[in-house]
Structures are given as structure tokens and as C-alpha cells.
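An overview of the molecular structure
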Amino acid sequence: MNSSDHGFNPAFNMAAIKQVFNEAVERVRMPTPMRLRDLIRQIRAARTATEEREVINKECAYIRSTFREEDSAWRCRNVAKLLYIHMLGYPAHFGQLECLKLIASPRFTDKRIGYLGAMLLLDERQDVHLLITNCLKNDLNSSTQFVVGLALCTLGAIASPEMSRDLAAEVERLMKSPNAYIRKKAALCAYRIVLKVPELMEIFLPATRSLLSEKNHGVLITGVTLITEMCEHSPDTLQHFKKNFSVVLGKGKKSSFKECSQEEIVPNLVRILKNLILAGYSPEHDVSGVSDPFLQVKILRLLRILGRNDAEASEAMNDILAQVATNTETSKNVGNTILYETVLSIMDIKSESGLRVLAVNILGRFLLNNDKNIRYVALNTLLKTVHLDTSAVQRHRTTILECLKDPDVSIRRRALELSFALINSNNVRIMMKELLLFLERSDPEFKAQCSSSIVLAAERYAPNKRWHLDTLLRVLIAAGNYVRDDVVSSTIQLISESVAEQGYVAAQLWRALEQDTCDRQPLTQVATWSIGEYGDTLLYGDVSVGDDPSDIVKVTEEEILDVYQRLLWSPQNSVVTKQYTLLSLTKLSTRFRTNVERIRQMVQQFGSHLHIELQQRGVEFTQLFNSHAHLRPALLERMPPMEVVRRDNGAQQQAQHSAVNGVLDIADVNTDESAINNDSNALLVLLGGSEGVIDTEADQANAKPPASIPSSTDNQDLMDLLGNLDIGSTAPVAVNNMNMNNNVHSTNNNNPLLLDPLGSLGSLSTPTQPLSALTSINPSSDTNCIVAYEKNGLRIMFTLEHGDSPTSISITMAAYNETSMPISEFLFQVAVPKTFQLQMMSPSGTTISSSGSVTQVLRIQNPNKGALRMRMRISYNSGGANVQDQAELNHFPTDWYQ
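Residues numbered from 1 in each chain as written. Predicted model: local features only at pLDDT ≥ 70, side-chain atom pairs only at ≥ 80, totals over all residues. Heavy atoms only, no water.

If you tally the helices and strands in the protein, you get 36 helices and 15 strands. Looking at the protein as a whole, 50% of its 898 residues qualify as buried. Of the roughly 42300 Å² of accessible surface on the protein, a fraction of 50% belongs to carbon and sulfur atoms. (Helix = DSSP H or I, 4+ residues; strand = E, 2+ residues; numbered from the N terminus. Buried < 20%, exposed > 50% of the residue type's maximum accessible area, 1.4 Å probe, protein only. Areas by Shrake-Rupley, 256 points an atom, 1.4 Å probe, with all protein chains shown as cover.)

This part takes up the pattern of salt bridges. Opposite charge on two side chains lets them pair, provided their charged atoms get close. Following the criterion strictly, the structure yields 34 salt bridges and no others. The partner of Arg-795 in a salt bridge is Glu-818, with the nearest N and O atoms 2.9 Å apart. Of the two residues, Arg-795 is situated in strand β9 (residues 794-802) and Glu-818 in the loop between β10 (808-817) and β11 (823-831); the sequence distance between them amounts to 23 residues. With relative accessibility at 24%, the residue Arg-795 sits in the partly exposed group. Put simply, Arg-301, Arg-304, Arg-308, Glu-341 and Asp-348 are held in one network by salt bridges that share partners. (Salt bridge = Lys/Arg side-chain N within 4 Å of Asp/Glu carboxyl O.)

With that settled, consider the nonpolar core. Among the nonpolar cores identified, the biggest contains 171 residues, and Phe-204 and Ile-560 are the most heavily contacted of them. Not counting residues up to four positions away in its chain, the partners in contact with Phe-204 are Ala-168, Val-171, Glu-172, Met-175, Ala-190, Ile-193, Val-194 and Met-230. If you look at the next biggest cluster of nonpolar residues, it comprises 31 residues, including Ile-786, Phe-828, Val-830 and Met-870. (Core = buried A, V, L, I, M, F, W, Y, C linked by side-chain atoms within 4.5 Å. Contact = heavy atoms within 4.5 Å.)

This brings us to the environment of Pro-843. Mapped onto the elements of the fold, Pro-843 is located in the loop between β12 (837-840) and β13 (853-861). Here the alpha-carbon distance between Pro-843 and Val-857, two residues 14 residues apart in the chain, equals 7.4 Å.

Taken together, the five strands give an open sheet; going across it, the order is β8-β9-β10-β13-β12, and neighbouring strands pair in antiparallel fashion. Among the strands making up the open sheet, the edge pair consists of β8 (785-791) and β12. In this sheet, adjacent strand axes meet at a mean angle of 20° when their direction is disregarded. (Pairing = 2+ DSSP bridges. Axes fitted to C-alpha atoms, helices over the stretch in contact; angles between N-to-C directions.)

As a further point, take unusual backbone geometry. Positive phi outside glycine occurs at Asp-292, with the angle close to 45°. Summarising the element assignment, Asp-292 is placed in the loop between β4 (290-291) and α15 (293-307). Given the relative accessible area of 9%, Asp-292 is considered buried. Here Asn-792, not a glycine, exhibits a phi torsion of approximately 55°, which is positive. Within the fold, Asn-792 resides in the loop between β8 and β9. Judged by its relative accessible area of 54%, Asn-792 falls in the exposed class.

Here the focus is helix α22 (residues 409-422). For α22, spanning 14 residues, the distance from its first C-alpha to its last is 20 Å, which sits close to the expected 20 Å at 1.5 Å a residue. Taken as a whole, α22 has its buried residues at Ile-411, Arg-412, Arg-414, Ala-415, Leu-416, Glu-417, Leu-418, Ser-419, Phe-420, Ala-421 and Leu-422. Next to the buried residues of α22 lie α19 (372-385), α20 (390-394), α21 (397-402), α23 (428-441) and α24 (444-461). (Expected span 1.5 Å × (residues − 1).)

Below, the discussion takes up a nonpolar patch on the surface. A cluster of nonpolar residues, Met-87, Leu-116 and Leu-120, forms a patch on the protein surface that exposes about 280 Å² of accessible area. Summarising the element assignment, Leu-116 is placed in helix α6 (residues 108-121). (Patch = residues over 30% accessible without salt bridge, like charges linked within 9 Å, V, L, I, M, F, W, Y side chains within 5 Å.)

Before going further, it helps to spend a moment on the side chain of Thr-528. By secondary structure assignment, the location of Thr-528 is in helix α28 (residues 521-540). A relative accessible area of 0% places Thr-528 in the buried class. At a separation of 2.8 Å, a polar atom in the side chain of Thr-528 contacts the main-chain carbonyl oxygen of Thr-524. In this structure, Thr-528 is in contact with Leu-513, Tyr-564, Leu-567, Tyr-580, Thr-581 and Ser-584, ignoring residues within four places of it in sequence. (Polar contact = N/O pair within 3.5 Å; in protein donor to acceptor, adjacent residues only side chain to side chain.)

One pass over the full model with this rule turns up six aromatic pairs. When the ring of Phe-438 is compared with that of Phe-446, the centres are 5.6 Å apart and the planes differ by 80°; the resulting orientation is edge-to-face. This pair shows no difference in class: Phe-438 is buried, exactly as Phe-446 is. If you follow Arg-64 out to its NZ or CZ, it ends over the ring of Phe-94, 3.9 Å from the centre. Here the basic side chain of Arg-466 rests over the ring of Tyr-504, its NZ or CZ set 3.8 Å away from the ring centre. (Phe/Tyr/Trp six-rings, centres within 6.5 Å; stacked < 30°, edge-to-face > 60°. Lys NZ or Arg CZ within 6 Å of the ring centre and 35° of its normal.)

The complete set of buried residues in helix α2 (residues 36-45) reads Leu-39, Ile-40 and Ile-43. Buried residues of α2 fall within an arc of 100° about the axis and therefore sit on the same side. The exposed residues of α2 that point more than 90 degrees off its buried face are Arg-37, Arg-41 and Ala-45. Contact partners of the buried residues in α2: α3 (49-67) and α4 (75-87). (Arc of directions from axis to C-beta.)

Attention now moves to the packing of helix α30 (residues 575-588) against helix α32 (residues 612-623). Where α30 contacts α32, the axes come no closer than 10 Å and their chain directions differ by 5°. Here α32 runs roughly parallel to α30, going by the angle between their axes. Here α30 contributes Val-575, Lys-578, Gln-579, Leu-582, Leu-583 and Thr-586 to the contact with α32, which in turn contributes Glu-613, Leu-614, Arg-617, Gly-618 and Phe-621. For the contact of α30 with α32, a count of residues per class yields five nonpolar, three polar and three charged. (Parallel < 35°, antiparallel > 145°, perpendicular 65-115°, else oblique. Nonpolar A, V, L, I, M, F, W, Y, C, P; charged D, E, K, R; others polar.)

A few words now on the packing of α23 against α24. Running from N to C, α23 and α24 point in directions that differ by 160°, and their axes come no closer than 10 Å. Between α23 and α24, the angle is such that the two are roughly antiparallel. Read as a crossing pair, α23 and α24 show a hand that is left-handed. Touching Val-428, Met-432, Leu-435, Leu-436, Phe-438, Leu-439 and Glu-440 of α23 are Phe-446, Lys-447, Cys-450, Ser-451, Ile-454, Ala-457, Ala-458 and Tyr-461, all from α24. Grouping the constituent residues of the contact of α23 with α24 by class yields 12 nonpolar, one polar and two charged. (Left-handed = near helix turned anticlockwise from the far one by under 90°.)

It is worth spelling out the pairing of strand β14 (residues 870-878) at this point. For β14, the tally of buried residues reaches nine of nine residues, placing the bulk of the element in the interior. Judged by which residues are buried, β14 turns out to be covered on both faces: Met-870, Met-872, Ile-874, Tyr-876 and Ser-878 on one side and Arg-871, Arg-873, Ser-875 and Asn-877 on the other are all buried. Here seven bridges tie β11 to β14, and the two strands are oriented antiparallel to one another. Paired with Ser-824 across the strands is Asn-877, a residue of β14. In this sheet, strand β15 (residues 881-889) lies alongside β14 in antiparallel orientation, the contact comprising nine bridges. Paired with Tyr-876 across the two strands is Val-883, which belongs to β15. Between β14 and the antiparallel strand that follows it, β15, lie two residues; Gly-879 among them carries a positive phi value of about 65°.

Let us look at the environment of Ser-530. Position of Ser-530 among the secondary structure elements: in helix α28. Accessibility expressed as a relative area gives 0% for Ser-530, which makes it buried. For the pair Ser-530 and Leu-509, spaced 21 residues apart in sequence, the C-alpha separation works out to 7.8 Å. Apart from residues lying up to four places away in sequence, Ser-530 is in contact with Ile-495, Leu-509 and Gly-535.

The residue Ala-457 is located in helix α24 in this model. Spatially, the C-alpha atoms of Ala-457 and Ile-423 are 7.3 Å apart, while their sequence positions differ by 34 residues.

What follows concerns the confidence of the model for the protein. Residue-level pLDDT values for the protein average 76, and 76% of them are 70 or greater. In the model, residues 245-263 has pLDDT below 50 throughout and makes 41 contacts with residues more than four positions away in sequence or in other chains. Confidence over residues 647-783 falls short of pLDDT 50; this stretch has 286 contacts with residues more than four positions distant or in other chains. (pLDDT = per-residue confidence, 0-100.)

Right, let's get into the side chain of Asn-573. In this structure, Asn-573 sits in the loop between α29 (557-569) and α30. At 2.9 Å, the side chain of Asn-573 forms a polar contact with the side chain of Gln-521. Among the polar contacts listed, one links the side chain of Asn-573 to the backbone oxygen of Leu-567, at a separation of 2.9 Å. In contact with Asn-573, other than residues within four places in its own chain, are Cys-518, Gln-521, Arg-566, Leu-567 and Lys-578.

Okay, structure coming up:
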């Protein structure tokens, strides 16, 4: 019989027979390996970790032995078991090459396990992964869609930059495939390649244009995801999609594509989103009654990116955002997710004011949700958007304050930050009442931050001095030992400058000091300082702490000394508290009419104290009662009111922010005695000038840089402070030629005002720039009013007035916002030469509305009547962008100092 009559192919049949024979021999020669389910069962049956390791080590040894055999029939099963062992955390790197062998196999089951193993065991750090490139390229050209899908998934998971460049063209070709399954996988792979190698983005742009015209939701969502990634990481691509978008339509069963029209992307996305909202029930895409929420969220996110800082695009999407916000069901988390993305989009684009109010109201409803995750998201979003529409957020103030009582610590923390952001001059009394209650009941982790934030808010919005002092006193009582040093120093400074309220404060603090204050050390420190300064008003004045006649405080010298005796010898009081108390006790010797001898004996006992600081104070203060007794009344007289530069507290939620809104203070800078009185030299050092003294502008222009530049740590500190300015033709000199003014008064003993001028500059980060790039300022024609700065819609005016003395001048700084957008986080700082004394009062605010303004008072002492020169630093946030700039003002009217 002719074999050709039956279609017999000797070559093919012999190969098949040989393969079957070899597999049979392999099975006979080697025992059947354990199945994966049996291995899982044994591992789960292990009672201890040792037993589990024994099972795994035994199986790994068997798998290693089978890998040594070529053409193993059980390779697929063994690799599957090895992957499970890898998932348990045991080493499985010896199976990497076996995965490559499975990938090269023509059988789909082998490829599936091989590609899975490659994704788990290989990454771009392994050299072995380079061997897989050819296999991936072959499978990307396979006629089987599932093989192509496996290759695309693996490429997206383990692609290195080199592999991405080699196969990007193949992926781009597959994005145009007529098969929707392959297009979806290719778009996802392109997304991962763009993340890995952003410069390959241009390759995928033409193919990406067709994705938004897809009817298949899977392809559509991957296309939106890919476009979102491109727009986020490439401004050029963002502008490309904003300008035009090519709609590509498919026709016929073969789905041949061609470019047919030009259409903007935003209306196209709006149309898709509108169809999703108005679409009826679709079992394929419905999730809890919402049509494809995943696609809606992706589209909303892309709209947010396209509408940011684009009024035209924002106008096109306002209506659809309003429809989504009003028509989405909120009974399920699916609807809440869509609403959350809608709120973010409304707040991020240039939306209408009514739409912003609607978004804030949605977040207000979220605050009433029983799900704590939704409440947290709402608080976090309100905190980010409160500066955009404060009045709308204020309507939900009661709900926000209720969140302070939430059992979840994360919700309480966010609610606390948002509460401080809502404080203004109109609601400060109500807000402070609630926040003080929270401070009294809060956990210790909240007390430090909350107390500092309350102090900052009270300093800015206090309606009167007495209310301010009462608030600080309640903070000291409620926060206890968790009060920071800045609260102690702020309270002492306020008491010092509130002359009319000093007796009232001393009486209030005495009442608190009579009780056990071992758990309130900061309160004890403030109380002893106040009683030491104003104890005479407490003793000999009829001080009342209330309206009732019974509220008049009556105290004797003996009662005060008994309390001081308890404080000084209590082992529970800190050394710092005892230092405050000992200094206060010494001062009381000049306030008391009797009992001076008892005070001397109490102070003398500390002359032999074990702690060196207390011993030093005891010895020194004792001398004021003995050989230097005639100096004691003058040395210990009442301190004058303190005037210090307070920290900027415009953003209460940033209580730990240490930037000073005012004088650029430098402490402990060594000063060269020969240069102290040299105003010109000091100013040149401040501005980074040359070492020599330059008297005229002509000399300055002709001056040559020195041959060598002095180097010192102080010089580096100053250059860091002023932004490492590159002076160009001039070179900086050592800082020991000048010393910038520092008006923060602090002494070692009698003024425990704890301020850290150097630490307050830790957050300054102004970009470096040459002096020639700084804004040059010229005065206006009015000698009383100077245009100090005008740039980017921000105008700063200086109004000059004579001060209390012939050598003093008062400057009122007014910053005007001439743009259409509000300015937030406004920070104005000034540096002057050492021969001047500069004091900056607290600003009227840190947020400047459109066409609004803020003011700040500068007081300058000029004892030498020299020409004033000033370096300014301005920083603010406008439209989400941080702006920092520096300017020099050196043409003040000279007749003001004559």
C-alpha cells in the first residue's frame, strides 16, 4: 500500500513517535513528582517552622535534581512548585533558567508557567532577564492572542530601559491591532514603558490617539490611563492633547483605522462621561448601580489634569462636573469614590464659585458618614482646599469640631489641623473654647502641637489683652509638661508688654501656683517669673480676678515664701524650674518689706547644691545680700516691657514651622572691632561685597575683586542665610567684619525668654542668583512713600514716618495683590547693616486676596545717622506655584536722618 494515499508523513511521524517514546522512558526511569496541591497540603500540615523547612528543603533538593536532567517532562510542574516556595519567602533563584526554557516551549501551558516565573523571579537587576528579549519578540508576533498577552504582561513587569527601547516598536504596532484584547494589553505595556523610559513617549502618541474612540471599556480605560500618565510627566504632551486630538474610527470586521477628523480631547472626554452617567443598566459594566465607576474615576482624573490652569478647558467641563456631583448615588462606596474624584477635579481646575461651594458641601456630607475612612478623606481634602473657599468650609465648622471627639486618632489629628486653619477674628472665641476643651481631654501626643498652635492663633486673633492672657494661662494648665519652650517664652513676653494686666496675671498665676504643679513645670516657670517681677502688686494692691468682691486675692509674704520653699526643695521639679524659682526669689527680696533675711537664707542654701547651675546661682545671688548689697535694688528692679519679633503664625496648621516672618536674625556672630563703626563695610558684607571700604558708587564700580577670598564658618553661615548669592565681579568677605542686628532680648538669669534665632531660619530655601539679577528698586517721587518692590502683580509700598526719637524711623510696609488670584503664605523678610537696629512687628496677615493687601510695621534705629540700605526677601504662593525673590533698596531719603 502506498503510504501517500493515507497522508502518511514519515518525518513527522518519526519525530512524534520519538518524542512520545522519550517521554515514556522518562516517566518510567524517574518517579512521578509530587503535585503542587500535595506540596501545599504537606506544608500546611507542618506543625512547626522546622517541619515546614524540612518539607521545603526536601522538595527543593528533588527539584534541583530534576533540573539537571535535560528535556525533563515534569519541568512545568516543578517550576510551579518552585514559584509557590518563592511566594513563601524561600530562595528560588536556581529556577530562573528553567523559566526561560519553559518560555521557549511551543506549548501554551509551559509558556504560561514560564512567563509567570519570569515575572516573579526576574527583574532588570538580573542579567538573566536579557536572555528573554528574543523570546518576547517572537511571542509578540504570535498568531495566538493569549501568547501575545502573556508576552505583553511580562514585558510590562520586568522591562529594563534597554529592553523597552528594543521592543517599544513592537508594542506600538500591537496598540493598533484589530483585536481589542491585544490593544488593551499593549496600552498597559506602553504605560509601564513610559514610566520606565519617558523619552519613548513620542513613539506611542500616534497610536494613543485612537484609544478614546473605543467602544470597548477595557481598551478605553487603558487609553485614558496612558494619556493621564503622559500628561502628568510631559508638559509638551499635555499641550499636545489640549490643542487637538485625532479621532480614529474603525470600520468593518477587519477594523481598518484611518484618521478622519480633528477634535479637542476635553469635549470628547465630557461626551464619554455623560454617556456613562445617562446610560441605563448594563450587566457588563454595572457596579452597585453605577455604570463603570472605574472608567468614570479615570476620566475625572484626566479632566483634572487638562483643566488645571486652563480657563477654556475648565469652562467646557463645568457642566458635566455639576451633573456628576448631583446625580451620583451616595449610598454605596462606589458613588462616594466618584464624588471624591469630582471634588478634587472641581477644586483643582478654574471652576465657578457655585461649583466650589457644591464640592465643599459634598465633603461636608462625607463628614457625617459612618465610615471613618470617608471622614478622614473628607478632612484631608478640606485641609488642602480651605484656602480656596474659606467661607464655604466655615459652614461645616460645627461638624469639623465634632470630629475632634472621634475615637480614631487619625481623624482627630486632621480635624485639629483643619480647625486651626478655620480660625479668624470673627470666630476666635468660639473656636478657642472648643480647642481648649480638646486640649484638656486629648492624648499626650496632641498636647505639644495643640498648645503651640493655640498660642500662635491667640497671638494673631486675640480680641484683647486679657482674653489673650487667660487663653495662655488655660493652655499652661491644660497641656502641663507637654508645653513647648516657645509657649513659655511667648507667655512671658506677653505678660511683660501688657502693663495694665500684670497685677491680674500675677494673681491668676498665684492661684495656680498654690496647687500642686509638679506635672505643670512650664506653668510654674511662668508663675515664678511673673511673681518675681510683679510680686509687689500682688502683695500691696487689691488685685481682683473677677467681678465678685470675693475674687480679690489676698496673700502675705510668708505664704509666698512657703510656696517657694516647697518648689525649691521638691525633687519632682526640674532644674530649669528651680532656676526660675531661685531667680524669682532673689527678685522678691527687693519687693518685700520684711522677710529679706529669710530669703537670704533660702538662697544661701543653694551655694552648696550638687547641681552646678543652681550652685552658681546660689553663690552669685548670695553676694547680692552681702558685699554687693548696695547694688541689689538696681540690679533686680522690674524689667521694662519686652519687645521682640514674634514668629509668623499665618498658617496655624504648621505650628512647627520655624521661619521667622521678619528680621533675618543672626546670633553669636563674631564681630571685628575694627569694622563695627564702618557702616559701608558692614553693608557690603551683608550684600556680599568686597573686603575694602567703598565710599562711592563710582569706586564700587571700579573696585577689583581681592586676590584671595577669606574663608570662615561664620561667612558660610551668612552666605547660606542670604541664599549663597553669587556677587559676580565682587567677592564675599568674612562675616567677622559685620554683625547683623538681633533685637531679641535674652539674658542668662533675669529674663528667661527662650528663643532660637538661628533655629528659626531652618526652613529658608531661596534659590541662589547673582546680585545683578536682583530687582533694582527706585523710590517714587513722594519722599514719604516708596515703591519698594513691584513684580508679578505684587506691589510693596513703604510709608515713612518719624519715630519717637530723632534717630528712629517707622516704616509701614503695605503689600498689594494686583493679580486675579489670591496670594497665600506671604513672607516678608529684611536685613540691614549692623549699625542699624531693626524691629519688625507681626504682619496683619499672610494671605492677600485679589485686590487686597497686608501691612507690617518696621521700626529702625539709626544712631549714627548713616544712609540706610536694605535687603528684602519675599516669598509667597500664588496659583499653586511657590514664588521667591530678593530685592535691594538703597535710595532712602537722606533728609530723614539729618
